[in-house]
Amino acid sequence: MAIRPAAMYLVHFRSRDLSRIHRQGQFWHIFFTHGGVIISQDEVDTWTTHLPVPLDFEQSSMDPRVQIYKVLGGQGPAFEIDVDEILVSSVWRPNNAIADRYCSPGGRAFIAGDAAHQNIPTGGYGMNTGLGDAYDIAWKLAMVLKGVGGATLLDSYENERRPVAIRNVQRAAEHMGVHQHYVEKCLEAGSEVVIGTSAESLAIKEYVKKHVNTHDGENRDSGIEMDYRLQDSPVIVPEAQPSWPEWTPKAYAPSTIPGSRAPHAFLKDGITSIYDLFGKEYTVVDFSKEGSVSRMIWQLAKFEGLPLTLLHLPDEELVRTIWQRDVTLVRPDHFVAWRATPGMVYSKGDLSQVLKQVFGRAPEPRNDKPSSGREAIAFQGVERSFKQDLEKVESLAAFQT
Ligand SMILES: Cc1cc2nc3c(=O)[nH]c(=O)nc-3n(C[C@H](O)[C@H](O)[C@H](O)COP(=O)(O)OP(=O)(O)OC[C@H]3O[C@@H](n4cnc5c(N)ncnc54)[C@H](O)[C@@H]3O)c2cc1C
């Protein structure tokens, strides 16, 4: 089923008419079978309602209060409540989009957030993905401005963040498809059936219940939320044959394979989080008794003036089991940049090369040409609405050239 272009009329308002708003019980979101939605913003008196409207909808043609009553009525008659104050009303368009590049050809300008990617809000990934971008580019810029990070660190921003956005935009569209499926079914069945108590009515209610309980990724996708894997980054030292657990949007598989998020664990005292022991910048974590590899890499970093904290934890068997390896190099954003292969003997030259790569100081050619995955993307299950007027879009930014 394809998601068709549409618009949403939004009303943000205050109401303390809880006996009517909470008629079905307390809620965070209610998705109605006519496509309308209400969101509780503070569980007290602030709410937002959204109503699907045609693309050419004129906001002035509908009083915001009428919109609220229409949303709350679902497929039945309008449901009036006492509204204390209309705070904001506007029309917005759900979009699925990804920028071709995240940085300018000269590598001096970067985009993040909605400027780089947009998704339908189902799943709540938009701002979260944007904050992830901002965090990624911010620590890399800080390293470069301090004079310890090299140019490849900045190049890695796009390699690391763009695949995450593509994955999230696609998944958000799939969540929207879940809602669209039952909305279409219920609109087709008609309000009498949806609201009634006949056998047909009970059957459709049961169908919707089963459908949303089965397709509940919007509330449960810990793979999307936690299992980031930076598999195409020039500042991660890849393993020869990484044994990545199969990725699924539904589950998070903790791992220290370079490119994964370092797994969280409490030390054996039960209260100290390993994250609290990391340095502010890079950290080498060593669970071995002797700690010789970590000491060697720490000394090399010190000599080069690179910020690296040494964390030696020789008596943490349980955390060592979760972390899978004796020696792991963790970045300021808690991603694993490198880990030592068991049984391998490392020379100073080997470890010096590791530091060069993870600080982006290895002499890599600048990433000016589009690499793989930059071909035009058509998100699955989404109907393309209209061609962008590229000339118009470019003229909006003309003042910057
Ligand atoms: C209905 C809805 C629900 C959402 N729910 C969630 C959610 O639950 N979770 C979530 O993570 N995300 C959610 N999002 C997405 C989230 O709101 C956006 O991803 C986020 O606001 C993007 O932030 P941004 O700073 O990148 O862009 P924006 O918020 O768009 O900020 C850009 C700012 O730049 C300003 N600006 C633009 N051009 C110029 C210029 N030339 N000069 C100066 N200023 C300029 C704009 O006025 C704006 O203030 C939702 C979005 C919608 C529409």
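The coordinates are above.
Predicted, not measured: the structure shown is a model, and the values here were computed from it. (Residues numbered from 1 in each chain as written. Predicted model: local features only at pLDDT ≥ 70, side-chain atom pairs only at ≥ 80, totals over all residues.)

Engineer: Can you help me understand the overall build of the protein in this one?
Structural biologist: Scanning the protein for helices and strands turns up 12 helices and 11 strands. Burial statistics for the protein: of 401 residues in total, 30% are counted as buried. Considering only contacts within the protein whose residues lie at least 6 apart along the sequence, 71% involve residues at least 24 apart. (Helix = DSSP H or I, 4+ residues; strand = E, 2+ residues; numbered from the N terminus. Buried ≥ 20, exposed ≤ 12 C-beta atoms within 10 Å, placed from the backbone. Contact = placed C-beta atoms within 7 Å.)

Engineer: Would you mind showing me how to read the nonpolar core here?
Structural biologist: Soluble globular proteins: nonpolar side chains tend toward being buried together. With 44 residues, the main nonpolar core has Leu329, Ala337, Leu355 and Val358 as its most contacted residues. Listed by contribution, the elements that provide at least two residues to this core are helix H3 (126-145), helix H4 (151-189), strand S8 (282-286), helix H9 (292-304), strand S10 (327-330), strand S11 (336-339) and helix H11 (348-358). A total of eight residues in this core trace back to one element, the largest contributor, which is H4. Membership of the second largest hydrophobic core comes to 11 residues, among which are Met8, Phe32, Ile68 and Leu72. (Core = buried A, V, L, I, M, F, W, Y, C linked by C-beta atoms within 7 Å.)

Engineer: Sorry, what's going on with the sheet that holds strand S3 (residues 37-40) here?
Structural biologist: What links the strands of a sheet is backbone hydrogen bonding, and the strands pair in either a parallel or an antiparallel sense. Reading across from one edge, S2-S3-S4-S1-S5 is the order of the five strands in this open sheet, with antiparallel pairing throughout. Pairing within the sheet leaves two strands with one partner each, and these edge strands are strand S2 (29-31) and strand S5 (85-92). Neighbour to neighbour, the strand axes of the sheet diverge by 15° on average, direction disregarded. Where S3 meets strand S4 (residues 46-53), four bridges bridge the pair, whose relative direction is antiparallel. (Pairing = 2+ DSSP bridges. Axes fitted to C-alpha atoms, helices over the stretch in contact; angles between N-to-C directions.)

Engineer: Can you walk me through the site of the ligand in this structure?
Structural biologist: Every residue close to the ligand is listed here: Trp92, Gly113, Asp114, Pro121, Gly124, Tyr125, Gly126, Met127, Asn128 and Gly130. It is H3 that contributes the most residues to the shell around the ligand, four residues altogether. Here the residues of the shell around the ligand are counted per class, giving four nonpolar, five polar and one charged. (Near = placed C-beta within 6 Å. Nonpolar A, V, L, I, M, F, W, Y, C, P; charged D, E, K, R; others polar.)

Treat this as a map of the structure, not an account of what it does.
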